[in-house]
Amino acid sequence: MFGNKSQMVDADRALAGREQQMPVSGRHTVLGSSTVPQGVPGAAAWPEGTQVLYLAFGCFWGAERIMWRQPGVIATAVGYQGGYTPNPSYEEVCSGRTGHAEVVLVAYDPAKTSAEQLLKVFWENHDPTQGMRQGNDVGTQYRSAVYYTTDEQRQAALAARDAFAKVLHDNGYGDPTTEIRAAEDAGPFYYAEDYHQQYLDKNPGGYCMHGPNGMTCPVGIVRQDQVPSQQVVLGQQG
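Residues numbered from 1 in each chain as written. Predicted model: local features only at pLDDT ≥ 70, side-chain atom pairs only at ≥ 80, totals over all residues. Heavy atoms only, no water.

### What about the pairing of strand S2 (residues 73-81)?
Here comes step 1: Counted residue by residue, S2 has nine buried out of nine residues, so it is predominantly covered.
Here comes step 2: As paired strands, S2 and strand S3 (residues 101-108) are joined by eight bridges and run antiparallel to one another. Bridge pairing in S3 links Tyr80 to Glu102.
Here comes step 3: Summarising the sheet, S2 and strand S8 (residues 190-191) pair through two bridges and their orientation is antiparallel. Opposite Tyr80, over in S8, you have Tyr190 as the bridge partner. (Buried < 20%, exposed > 50% of the residue type's maximum accessible area, 1.4 Å probe, protein only. Helix = DSSP H or I, 4+ residues; strand = E, 2+ residues; numbered from the N terminus. Pairing = 2+ DSSP bridges.)

See below:
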């Protein structure tokens, strides 16, 4: 229906990419923290014990803004993951010939938040049933995905998916198509070009298609008032 961009490219047909990494400033424009694990001058380093979760839920501009606003989040960054092409450009990813998803790196303090709470926000702020698209954004880079780095994250992602599937069905939606796998298996996280980092802070009136889907993800015993409510998130969207 939507052409080749909605079909995953085969590894042997993916673009060649490049050896050079995309240059990024490495300082989060909102949080003042480093957006790279090794730290950069003038940016707050990640404290010991920081954990990282990679989330894909549509255009990474709005997705990143949602995640940097969550309590306990130390830093966020946007990039490309889950495909084949090393160090791809944005244009290459949009061509559908790299296999990557648009991904948000979420570095967080597990003493102040949890994978479960972050995933609750993830599930409640996109439609995870659309396959290789999110709303009007069509292509493999817009697919829903969770790339975990710890067993706690894996268990939380699978449990939340199964719990939210019932909510989706009760509201007339199909099964979630969200890809859940280890970040190690998904492959390297390649930082996107610097102008994409914290894009909606740099461009407050920029494009954002994200907002609450109107459904609550019943994960664990977390009460709705323990994480930002859907109404709060909606009020913060541009």
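### Things to note about the pairing of S3
Here comes step 1: Burial of S3 is extensive: eight of the eight residues sit out of reach of the surface.
Here comes step 2: Of the two faces of S3, the one holding Ala101, Val103, Leu105 and Ala107 and the one holding Glu102, Val104, Val106 and Tyr108 are both buried throughout.
Here comes step 3: Examined bridge by bridge, strand S1 (residues 51-57) and S3 share five bridges and lie antiparallel to one another. Bridging from a neighbouring strand, Leu55 pairs with Val104 of S3.

### Concerning the nonpolar core
Here comes step 1: One finds Leu53, Leu55, Phe60, Met67, Leu119 and Val146 to be the most contacted residues of the largest nonpolar core, which totals 40 residues.
Here comes step 2: If we skip the residues at most four places from it in the chain, Val146 touches Leu53, Tyr54, Leu55, Leu119, Phe122, Ala157, Thr178, Glu179, Ile180 and Arg181.
Here comes step 3: In terms of nonpolar packing, the next biggest core, distinct from the first, is built from 18 residues, Val36, Trp46, Ala101 and Tyr191 among them. (Core = buried A, V, L, I, M, F, W, Y, C linked by side-chain atoms within 4.5 Å. Contact = heavy atoms within 4.5 Å.)

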